Amino acid sequence: MKLTLLLASWCILNSHATFALTPEERGLEIAKKMEKVNSGFIGEVAEMTMTLIDAYNTEILRKMEGKIKEVKDDGDKSIITFLQPNDVKGTKMLTWSHKTENDDQWLYLPSMKRVKRISSNSKTSSFMGSEFSYEDLGGQSLEKFTYKHLRDEKSEIGNVWVVERYPVNIKESGYLKQVMWIPEKYHASSKVEYYDRKGTLVKTADFLDYQSYVVAGKNIYRPGKIHMKNVQTKKQSIFSWDKRKLGENLLDNHFSQDSLK
Amino acid sequence: MAQFQDSGELRFETRKFKDDEIDRTIDNAIAVYTRAEIKYAKESSNATFRGYALTDGKDKTRDNLTIEDLFFTYYLKKDESASIAAGYKIFNWSATEAFHPADILNSQNYDSNIESMDKIGELNIDTSFKTPYGNFSLLYLPYAQSPKYPQQRSRLGASVNLSRPVWVTKKNETNLQNWHHQGAFKYSNSIGAGDLSLHAVYHLNTVNPIVGKRIVYENILLFSLPVGVEFTPYYFRALQLGGTYQYALDGGWLIKTETAYRDFLDDEVIIQTLKGNQSPKDHGIVAVGTEYGFSMQNAGESNIVLEFQTLVGPNKLSRSELSVFQNDVMLGYRLALNDTLGREFFASLIRDIERQNETLYNFNYTQRLNDNWKIKTGFRVFDAPKKGTYATGLEAYHNAHYVFFNLSRFF
């Protein structure tokens, strides 16, 4: 009897410990899970297309090639090579993202054969005239945000966590907060709402066509496209990935300034 | 797997100078510029070609065909940490926007913007090593490439035709040959938020020539009579030690610096010039600057650039003869709207803070017309009235103001 009581007390205490998580702790817990599930991709290569759609539904295409190398205990290293429009063909952007510090970024300008260090202060600027900002596409490390779990929702693919996140360095962000819908199946966002510094909704992004990639026996999900809609200007941009490969062993030397030339 | 990349540009250029009321010079230029770039890469090697051709409808002396890159690279290690490359190559060792004392390896085409001149590919063998302690490059340069100078009819030149350059390779030993032993060493590393590079270059310096004057005589009726004056650029052996450093501060600020010390090895050689006898002068150059970038509310971005360069060592007159920017400050502002047309404005001024009334104003605007076509237009104003008998520094460009319009088709 004593043993039963003891077990019951332990169970109650234990369940109480889970329920006792504050929304902030629960949000952080989900963010940690997301990071853990999405890590281990080693390296990623893809061709990317960005479709810019104005308020009159006129479409313009931008093409890029991307490589990402996973770095243990720090942010990832990435290179984007611009392929279209033709005047920026060959321009490359190298980013060494960091968990807490500002990212290091360099731009290679082929006309001058110059590698220029750039400030990561312009994160809120538009990326190639699209509705995406550099901030939307840059490193999303766990440590750069604080979190708050709002609620759980049910969907066709199971449980969905709804979590708000707030940039730690508010001065360098264009957003006051982002609200994320995170299906438990993917451990990655299916929808994000972006609120400007005044708290007004400016953009929504739908993360679509999730695909599963197996890397070292682990399932990692990646969206096939992100559809960003600016609710204020009615402009839209669709960022899509083709020929994506995960688990690529990319040379560390490819992610240096000298390799850009 | 083999990879092939190509790109190109066909550009129609027009520029209209302020009329100088001199019949000899050409105040309008209409030119066609074409550039091609091809890259081929395999697992352990790659090859690159890049070059351009320019033909001017009015001033045939501007016509030129320039090889910028034509080199082959072979990786000595699978992780590409060691490589050897040979061929013609353009190097860019610069950190600052307007002043480039460290960027010394390539000869330049002076028929371009003096703060960012077009370069000519330099023949070299480059051995590079990437290590955890930084990147090391060792270069051998067997051929001293002559710069390209605007000729007598150009508004951007010294109003004289320069004869074939003379290379001073030893004390009082000159020759017209371009083949000389030259070498360079470079170390670079990224440490935290900073990028450091150090270099040592032994070469024939083409940035600080002395233009010699020689009276040309001809035998006429048994008499040797002066018939003209010939101007010849003399280039001297120099050892340059220098480096660059860039550091990204929190809050969008970048700090940049470039330094160089040029030690001329034959500084006892005397050349007769229009201004009297001259010898190459050892000197140091320091350029420092800052750049601040910030986002605009309309998703655009702006950059403000402030740079200063000073030349140390020689006296004031010698300084002004060694560099157009011997003691100058540059203020620039760039506004990129980051829209689908890629509209961008850039305005700058470079002002001499040692010599009075020497300012260069520059403004340009670029935008795409569609995915293939782009325009660039703007103007440059050279305000530097001549103060002595001969034009020095920016004075050579005084009143060579011009407006330009370029239409480019990219491939």
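Residues numbered from 1 in each chain as written. Chains lettered and ligands numbered in written order. Predicted model: local features only at pLDDT ≥ 70, side-chain atom pairs only at ≥ 80, totals over all residues. Heavy atoms only, no water.

Asker: For this particular structure, what's the right way to read the overall build of chain B?
Answerer: Scanning chain B from terminus to terminus reveals one helix and 24 strands. Projecting the C-alpha coordinates of chain B onto the three principal axes gives extents of approximately 75 × 45 × 40 Å. Relative to its full complement of 411 residues, chain B shows a buried share of 50%. Residue pairs in contact within chain B that sit at least 24 positions apart in sequence constitute 57% of those at least 6 positions apart. Taken as a whole, chain B presents about 19,400 Å² of accessible surface, with 58% of it coming from carbon and sulfur. Within chain B, one finds 44 positive and 48 negative side-chain charges whose respective centroids are separated by 2 Å. (Helix = DSSP H or I, 4+ residues; strand = E, 2+ residues; numbered from the N terminus. Buried < 20%, exposed > 50% of the residue type's maximum accessible area, 1.4 Å probe, protein only. Contact = heavy atoms within 4.5 Å. Areas by Shrake-Rupley, 256 points an atom, 1.4 Å probe, with all protein chains shown as cover. Lys, Arg positive; Asp, Glu negative; His and termini not counted. Charge placed at Lys NZ, Arg CZ, Asp CG, Glu CD.)

Asker: Looking at this structure, I do not really get the overall build of chain A. What am I missing?
Answerer: Each helix and strand in chain A was counted, giving four helices and 15 strands. Taking the principal axes of the C-alpha coordinates as reference, chain A spans close to 80 × 45 × 35 Å. Relative to its 261 residues, chain A shows a buried fraction of 49%. Total accessible area on chain A stands at roughly 13,100 Å², and carbon and sulfur atoms take up 55% of it. With 41 positive and 35 negative side-chain charges, chain A shows a separation of 1 Å between the mean positions of the two kinds.

Asker: When you look at the packing of aromatic side chains in this model, what are you seeing that I'm missing?
Answerer: Any two aromatic rings considered together are summarised by their centre-to-centre distance and by the angle between their planes. Residues and elements named next belong to chain B. A full pass over the atoms with the stated rule returns 25 aromatic pairs over all chains. Between the aromatic rings of Trp167 and Tyr235, the centroid separation amounts to 4.9 Å while the plane-to-plane angle is 40 degrees, which identifies the pairing as tilted. With Trp167 in strand β10 (residues 166–170) and Tyr235 in strand β14 (residues 223–248), this pair connects stretches of sequence that are 68 residues apart. Of the residues examined, Tyr235 reaches a relative accessible area of 0% and is grouped as buried. (Phe/Tyr/Trp six-rings, centres within 6.5 Å; stacked < 30°, edge-to-face > 60°.)

Asker: Before we go on, may I ask you to explain the pattern of salt bridges in this structure?
Answerer: Two side chains with opposite charge may pair up if their charged atoms get near one another. All names here are of chain B. Within the structure shown, the criterion is met by 49 salt bridges over all chains. Between Arg50 and Glu68 there is a salt bridge, with the nearest N and O atoms lying 3.2 Å from each other. Highlighted residues: Arg50 in strand β3 (residues 45–56) and Glu68 in strand β4 (residues 64–75), separated in sequence by 18 residues. The exposure class of Glu68 is buried, given its relative accessible area of 3%. The salt bridge involving Arg334 is made with Glu344; its shortest N-O contact spans 3.0 Å. Of this pair, Arg334 sits in strand β20 (residues 327–336) while Glu344 sits in strand β21 (residues 344–352), and the two are 10 residues apart along the sequence. Salt bridges sharing common partners tie together Glu9, Arg11, Glu13, Arg15, Asp56, Arg62 and Asp111. (Salt bridge = Lys/Arg side-chain N within 4 Å of Asp/Glu carboxyl O.)

Honestly, it's all geometry; don't read function into it.
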